[in-house]
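# Breakdown of the fold
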Amino acid sequence: MTNLLTHDGDAPEDAPGNRTGGLPLAPAGFTWPTCAECDRPLQFLAQLLLDDDRRLLAIFQCANDPGLCDEWDANAGGNRAYLFDNQDLRPVPAPGGGETGLGAVSAIRTEPPAEDDYDEAIAAWAARTGRSRREVLGGIGGEPSWLQFDQTPSCVDCARPMRFAAHLEEGRDSQTAINLGGGVGYAFRCGQHLRAKFLWQR
Ligand SMILES: [Zn+2]
Ligand SMILES: [Zn+2]
């Protein structure tokens, strides 16, 4: 089943749980990631709760040279995703020297489980609520709705295909928007290791 994630107003930059923008919550000793292509700090996009709130998925990508750092690729180093145990996490201050934050912090409402098909779930939600599809910020669970071919990545620890975790959307307006080239983001995680990856298609 898919749980759609929808815009739910503003949030503090260090709010726990699901949100886009703000500062990442991470374990002690976490170092803000940098881009493998341009060596500047990545932009924090979103954090999402998984496994009945026991894990926190954190997603970053490069926003310093849009389109030039392979930020859509799961393995090129133009983005990074992390899976943390959701305990003893703290906000990580943003470093200087790059585009590190979105223009706004969005709270997220987790909608009740819906159709397994992500696109059908969005259509049904928009029809039921009368709200714009752009208010959908993504979805947790279900199956990936690929815009192109299947690009399921592999875990760096066990080399097995990763499990789909979440869709991520660009967002509702220019202030909060994540740059996915007009496409959709896909987050994956390993079922056994604290590993995650992110990619997008258009
Ligand atoms: Zn870069
Ligand atoms: Zn693994």
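Quick caveat, the model's predicted, so the values are computed rather than measured. (Residues numbered from 1 in each chain as written. Chains lettered and ligands numbered in written order. Predicted model: local features only at pLDDT ≥ 70, side-chain atom pairs only at ≥ 80, totals over all residues. Heavy atoms only, no water.)

### Some thoughts on the coordination of the zinc ion (ligand 1)
Six octahedral donors at a metal ideally form angles of 90 or 180 degrees, and four tetrahedral donors ideally form angles of 109.5 degrees. In the first shell of the zinc ion (ligand 1), the protein supplies Cys-35 (SG), Cys-38 (SG), Cys-62 (SG) and Cys-69 (SG), at 2.3 to 2.4 Å from the metal. For the zinc ion (ligand 1), the four donor atoms in the first shell make angles of 103 to 114° at the metal, so the coordination geometry reads as tetrahedral. As a motif over one chain, the donors of the zinc ion (ligand 1) read C-x2-C-x23-C-x6-C. Highlighted residues: Cys-35 in the loop between strand S3 (25–26) and strand S4 (43–50) and Cys-62 in the loop between strand S5 (55–61) and strand S6 (79–85), separated in sequence by 27 residues. We classify Cys-35 as buried; its relative accessible area is 1%. (Donors = N, O, S within 2.8 Å, 3.2 Å for Na, K, Ca; no water. Tetrahedral: all angles 85-135°; square planar, octahedral: opposite > 155°, others 65-115°. Helix = DSSP H or I, 4+ residues; strand = E, 2+ residues; numbered from the N terminus. Buried < 20%, exposed > 50% of the residue type's maximum accessible area, 1.4 Å probe, protein only.)

### Section: the coordination of the zinc ion (ligand 2)
Coordination of the zinc ion (ligand 2) by the protein is provided by Cys-155 (SG), Cys-158 (SG), Cys-190 (SG) and His-193 (ND1), with metal-donor distances spanning 2.1 to 2.4 Å. Coordination geometry of the zinc ion (ligand 2): the four donor atoms subtend angles of 103 to 118° at the metal centre, consistent with an arrangement described as tetrahedral. Coordination of the zinc ion (ligand 2) draws on donor residues from a single chain, spaced C-x2-C-x31-C-x2-H in sequence. Here the residue Cys-155 occupies a position in the loop between strand S9 (136–141) and strand S10 (163–168), and His-193 occupies one in the loop between strand S11 (184–189) and strand S12 (196–201), the gap between them amounting to 38 residues. Look at Cys-155 and you get buried, because its relative accessible area is 4%.

### Concerning the pattern of salt bridges
Taken as a whole, this structure holds nine salt bridges when the rule is applied. Here Asp-51 ties to Arg-189 by a salt bridge, and the two come within 2.8 Å at their closest N and O atoms. Of the two residues, Asp-51 sits in the loop between S4 and S5 while Arg-189 sits in strand S11, which places them 138 residues apart along the sequence. In this structure Asp-51 comes out as partly exposed when scored by relative accessible area, which is 24%. Accessibility expressed as a relative area gives 6% for Arg-189, which makes it buried. Arg-55 is the salt-bridge partner of Asp-85, the closest N and O atoms lying 2.9 Å from each other. Note that Asp-85 is positioned in strand S6 and Arg-55 in strand S5, a separation of 30 residues in sequence. (Salt bridge = Lys/Arg side-chain N within 4 Å of Asp/Glu carboxyl O.)

### Some thoughts on the nonpolar core
Counting 22 residues, the largest nonpolar core has Leu-45, Leu-48, Leu-57, Ile-59, Leu-168, Ala-187 and Phe-198 as the members making the most contacts within it. Elements with a minimum of two residues in this core: S4, S5, S6, S9, S10 and S12. Ignoring sequence-local partners within four residues, the contact set of Ala-187 consists of Leu-57, Ile-59, Arg-163, Phe-164, Ala-165, Ala-166, Lys-197 and Phe-198. Judged by nonpolar contacts, the second largest core, of 18 residues, contains Leu-25, Cys-38, Leu-56 and Phe-84. (Core = buried A, V, L, I, M, F, W, Y, C linked by side-chain atoms within 4.5 Å. Contact = heavy atoms within 4.5 Å.)

### Points about a negative patch on the surface
Together, Glu-115, Asp-116, Asp-117, Asp-119, Glu-120 and Glu-143 give the surface a local cluster of negative charge. Here Glu-115 lies in the loop between strand S8 (106–114) and helix H1 (118–129). (Patch = residues over 30% accessible without salt bridge, like charges linked within 9 Å, V, L, I, M, F, W, Y side chains within 5 Å. Areas by Shrake-Rupley, 256 points an atom, 1.4 Å probe, with all protein chains shown as cover. Lys, Arg positive; Asp, Glu negative; His and termini not counted. Charge placed at Lys NZ, Arg CZ, Asp CG, Glu CD.)

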